[in-house]
Amino acid sequence: MLLGSEKKTADMRGAYGDTLVELGRDDPRIVCVGGDTTESLKTKKFGDKYPERMFNVGIAEANIVSVAAGLVIAGKIAFASTYAAFIPGRCVDQIRNTICYPYLDVKLVVSHAGLTVGPDGASHQQIEDIAEMRAIPNMRVLVPADAVSVKYLIRMIASTSGPFYMRLARPSCDIIYADQSRAFELGRGNILEDGSDATIIGCGLMVSRALEAAKELKRKGVSCRVVDMFSIKPIDKDLIARCAKETGAIATAEEHNVIGGLGGVVSEVIGETYPVPIKRVGVQDIFGESARDEEIDMLLEHYGLTATEIAKAVLEARSRSRK
Amino acid sequence: MGFKMRYLDLKRKIRDARMWAIQGITEAGSGHPGASFSAAEIMGTLYFKRMRHDPSNPNWSERDYFINSKAHSAPGFYSTLAVAGYFQPEELRTLRQLGSRLQGHPVRYSEHQKQHSVPGIEYSGGSEGIGLSVGIGIALAKKLDGKKNRVFVLIGDGESDEGQIWEASMAAGKFKLDNLVTILDRNRIQQDGFTEDIMPLDPMKDKWTAFNWEVFEVDGHRVEQILDALNKAAQVHDKPVMILANTVKGNGIRHMANNPQWHGKAPPKRQTEVLLEELESECLIAPSIIAGERENYEDKIRKVEREGVDMIHLDVMDGRFVPNTTFFADTIKKLRRLTSLPFDTHLMIENPLEKIQDYIDARCDIITVHAEACTENEFREIQERLIDNGISPGIAINPGTDVPKWMYHSLHNLDVVIVMSVNPGSAGQKFMPEVLTKMVVLNKQLRQHGFRGYIEADGGIDATTLQQTYDAGARIFVAGAAVYSGGDIHGSVIQLRHKAEVALERRLLNHATQLNIRADWMKARKHILIPYANELRIEEELHAIR
């Protein structure tokens with residue numbers, strides 16, 4: 001089984017930094033642009049190893065992404081990183097016009113997405129980025145569920161042409177893919193757990209909660225399929241439609257506003273393919289708030305981002321199912 | 001080292017680019033003529049002279065990069081690319097239309113954007129204040145790779161309101177990007193009005209200096225100044241260079257110049273031909289420093305430079321081809337240090353081929369030899385050597401001589417024809433009016449044979465004869481006594497300019513009348529025409545226009 005008997009966690013940013021160093025070793029075209037958060041983003045590891053390929057332009061996000069675009073125009077593959085609140089928060093226009101429109105090989109890998117930023121509060125709790133980024137033509141949006149996925153996906157985006165946006169969470173996340181042989185394919189969700197009564201489609205750190213919810217429901221006799229939809233765009237329409245058809249009800253789980261995020265995408269897809277009841281678990285269109293690191297679970301509970309809420313959502317969707 | 005600019009060729013190409021831009025804009029019914037024209041000399045100087053690039057191989061790995069951050073100057077950018085050879089200029093007529101490759105704002109050309117772009121465009125602009133950052137990225141990559149490519153970024157003053165310009169400014173200073181040159185099109189006008197009213201930017205020079213840039217300030221419509229600054233920029237180490245180019249928005253069309261109203265508005269299509277005529281009618285004044293009191297050339301150059309003349313005319317006489325003797329290449333070499341103004345050297349000497357190298361070495365910008373002083377083969381060789389050295393070749397004919405037949409074989413590499421209206425070599429002669437007819441006929445014949453250069457009127461040019469020769473087709477005017485003999489250089493230059501303007505306005509008005517758009521033209525042009533109303537006898541007519 002994918003989940004080990006005892007939970008292991010790992011840091012997504014660490015996985016990003018390590019992978020970037022490996023990529024940099026193999027490919028001299030890899031460069032990185034940062035903005036006064038390189039230590040936090042772990043891109044400093046890359047900078048320490050390849051100082052001439054690391055550009056820190058200070059707290060200037062518009063400049064970070066545009067300089068990255070220039071590096072790409074001159075033949076590089078550029079990773080640009082800071083907190084999700086600021087990329088894309090402070091530079092959607094530059095991402096749109098300077099990176100996506102000309103289809104440049106800029107890879108935006110950002111951290112501290114969602115509510116789990118913790119003590120910094122709502123100003124830093126990025127809950128709109130998936131909606132913003134997926135609405136831009138040419139952009140691809142990835143939300144990995146754990147550090148293992150991060151390693152795979154960083155390699156994938158480095159070797160796939162065009163722009164990518166990849167959001168990471170700040171806390172250490174449960175390892176979902178203990179079995180490292182698991183493949184990741186752009187635009188294909190991974191079924192982590194099969195089931196027949198409903199499907200939970202999650203992304204990011206909500207995937208581990210989705211697996212927990214499935215366990216809870218199993219005890220109540222409800223068989224849930226769990227999908228890790230790490231690729232929000234392109235989206236796996238076929239899989240979503242199949243889940244709708246085969247299980248008859250869907251719950252989505254994301255650390256993002258329910259407007260325009262994973263729940264939004266899945267609703268759009270089933271609405272146009274095989275309409276079934278759906279319930280979106282996520283931030284209910286409100287701003288977050290500060291919480292100390294040891295209070296993160298309580299923060300998520302406060303905003304309804306828990307396994308219990310997902311389980312409730314599944315039952316609610318199922319109750320409306322005609323299957 | 002000369003500037004290698006082939007001055008008149010450069011001027012002509014920029015003129016052509018303006019003409020294609022206005023055709024695109026009037027056809028589209030929208031676009032930004034103001035910004036296209038304030039930046040015309042900047043873009044033209046880069047593309048036609050300074051940048052290393054190859055229109056037949058836009059992805060050439062050794063190319064210099066141009067990033068047009070003020071992307072609303074698209075019509076001017078496209079026309080510059082077209083004149084440089086990236087695509088057929090006729091395509092400008094599709095500007096901003098559905099299905100056109102020429103989008104409202106330029107789009108980076110790639111496999112992904114073939115439908116909406118043309119080869120040679122590196123950067124997708126349109127949102128202001130971003131291009132400099134992109135230029136920094138390219139410059140960083142080139143340094144990283146140890147490559148010699150240079151990056152030129154054009155920014156506007158309006159977009160300098162954007163904070164990102166200053167983020168980028170700091171970053172370029174930090175990274176000591178001496179392979180990056182930014183040119184600021186300082187036309188002082190943005191969409192809502194004048195920059196200093198909307199959001200004051202001055203002191204710009206101090207600002208960029210404070211951000212650790214080397215700053216050169218130039219008149220952004222003087223190609224020789226732009227080139228001079230670009231040459232200086234290449235000598236700067238460990239610092240990025242800002243060329244602060246003071247420009248006039250809408251420069252080239254007098255009623256658009258310096259008028260915020262023309263930021264993003266197209267002139268009506270029915271006026272296109274008149275506008276094209278105006279663009280083609282730019283006149284250049286070249287004072288001849290042998291006029292007036294003897295010698296003291298340095299002083300004479302300084303004085304006319306202050307008056308904003310276009311070139312310095314240097315009459316070299318050897319006492320053999322003509323009776324008088326003036327000065328030779330050694331004098332020109334000394335004078336060269338004084339100014340970046342183009343040197344328009346007129347060799348009235350025997351065997352010019354023998355001496356030509358001296359004048360090339362003296363860094364003249366235009367060198368004209370007499371048809372009477374060389375054979376076809378000699379002229380061919382002179383022409384070739386001048387072109388190789390980035391010097392505009394010219395040929396002069398005396399009042400009694402006709403253009404030799406052989407000249408028609410090499411017109412495309414001929415930048416100027418001096419039509420003498422006195423017999424050269426002795427002072428105080430009167431303008432010979434019979435030359436006017438000759439000029440009209442010659443101009444027509446030359447154009448028919450594909451000549452795209454300038455006709456230069458030389459000999460007895462004053463306020464009156466300037467207008468006559470202007471009407472006969474001359475666009476460069478050698479003014480000697482008219483500038484230096486009256487004792488009032490300032491007043492004389494103003495008067496000559498004024499007369500040229502009257503001639504221009506009359507010409508354009510006649511053209512508008514022929515096209516049945518006289519009233520329309522006068523309305524658009526009213527504020528320009530007022531000072532000439534009396535001379536053009538249009539006072540009442542003008543008054544009647546509301």
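Residues numbered from 1 in each chain as written. Chains lettered and ligands numbered in written order. Predicted model: local features only at pLDDT ≥ 70, side-chain atom pairs only at ≥ 80, totals over all residues.

Here we come to the domain arrangement of chain B. Residue and element names in this part refer to chain B. Domain boundaries assigned for chain B yield domain 1 (7–269) and domain 2 (281–484). The distance between the C-alpha centroids of domain 1 and domain 2 comes to 33 Å. Across the contact, eight residues belong to domain 1 and 12 residues belong to domain 2. Put simply, the parts of the chain that give the side of domain 1 that touches domain 2 at least two residues each are α1 (7–28) and α9 (223–233). Per-class residue counts for the side of domain 1 that touches domain 2 are two nonpolar, one polar and five charged. (Domains from an automatic or database assignment. Contact = placed C-beta atoms within 7 Å. Helix = DSSP H or I, 4+ residues; strand = E, 2+ residues; numbered from the N terminus. Nonpolar A, V, L, I, M, F, W, Y, C, P; charged D, E, K, R; others polar.)

This brings us to the pairing of strand β12 (residues 392–397) of chain B. All names here are of chain B. With six of its six residues buried, β12 lies for the most part within the structure. Judged by which residues are buried, β12 turns out to be covered on both faces: Ser392, Gly394 and Ala396 on one side and Pro393, Ile395 and Ile397 on the other are all buried. Two strands pair when backbone bridges link them, and strand β11 (residues 366–370) and β12 are joined in this way by five bridges, in the parallel orientation. Residue Val369 lies in a different strand from β12, and its bridge partner there is Ile395. As for the winding sense of the linkage, the β-α-β connection from β11 through helix α14 (residues 376–388) to β12 is right-handed. With four bridges joining them, β12 and strand β13 (residues 416–420) adopt parallel strand pairing. (Buried ≥ 20, exposed ≤ 12 C-beta atoms within 10 Å, placed from the backbone. Pairing = 2+ DSSP bridges. Right-handed = clockwise from strand over helix to strand, strands pointing away.)

Counting from both sides, the interface comprises 24 residues of chain B and, opposite them, 24 residues of chain A. Of all the secondary-structure elements, those providing two or more residues to the side of chain B that touches chain A are α5 (131–144) and α6 (163–174) of chain B. For the side of chain B that touches chain A, the leading source of residues is α5 of chain B, giving 10 residues. Residues belonging to the side of chain B that touches chain A are distributed by class as follows: 10 nonpolar, 10 polar and four charged.

Let's shift gears to the nonpolar core. Ranked by size, the top nonpolar core spans 283 residues in total, and within it Val65, Ile250 and Val314 of chain A carry the most contacts. For this core, the element with the most residues is α1 of chain B, which contributes 11 residues. Look past the residues within four positions of Ile250 of chain A in its chain and what remains in contact with it is Ala198, Thr199, Ile201, Cys243, Ala244, Val266, Ile270, Val276, Ile278 and Ala317 of chain A. (Core = buried A, V, L, I, M, F, W, Y, C linked by C-beta atoms within 7 Å.)

What follows covers the sheet that holds strand β3 (residues 180–186) of chain B. All names here are of chain B. Pairing in this open sheet of five strands is parallel, and the strands run β1-β2-β3-β7-β6 from one edge to the other. A single partner strand is all that each edge strand has here, and the edge strands are β1 (65–68) and β6 (214–219). Within the sheet, the average angular offset between the axes of one strand and its neighbour, ignoring direction, is 20 degrees. Of the pairings in the sheet, the one linking β3 to strand β7 (residues 241–246) comprises six bridges and is parallel in character. If you follow Thr182 over to β7, its bridge partner there is Met242. (Axes fitted to C-alpha atoms, helices over the stretch in contact; angles between N-to-C directions.)

All right, on to the domain arrangement of chain A then. Residues and elements named next belong to chain A. Domain annotation for chain A reports domain 1 (10–174) and domain 2 (190–319). Taken over C-alpha atoms, the centre of domain 1 sits 25 Å from the centre of domain 2. Taken together, the contacts link 28 residues of domain 1 with 33 residues of domain 2. Those elements giving two or more residues to the side of domain 1 that touches domain 2 turn out to be α6 (129–134), β6 (140–142), α7 (147–159) and β8 (173–174).

This next bit is on helix α19 (residues 518–529) of chain B. All names here are of chain B. Taking 1.5 Å per residue as the helical rise, α19 with its 12 residues ought to reach 16 Å, whereas the 13 Å between its terminal C-alpha atoms falls clearly short. For α19, the full list of buried residues reads Trp521, Ala524, Arg525 and Leu529. Angular distribution of buried residues about the axis of α19 spans 145 degrees; they occupy a single face of the element. (Expected span 1.5 Å × (residues − 1). Arc of directions from axis to C-beta.)

The next thing to look at is the environment of His412 of chain B. Along the polypeptide, His412 of chain B turns up in the loop between β12 and β13. Expressed as a C-alpha distance, the spacing of His412 of chain B and Arg52 of chain B, which sit 360 residues apart in the sequence, is 23 Å.

Residues and elements named next belong to chain A. Within the open sheet, the five strands sit side by side as β9-β11-β10-β13-β14. Their pairing is mixed. Of all the strands in the sheet, the pair left with one neighbour each is β9 (190–193) and β14 (278–283). Adjacent strand axes in the sheet meet at a mean angle of 25 degrees when their direction is disregarded.

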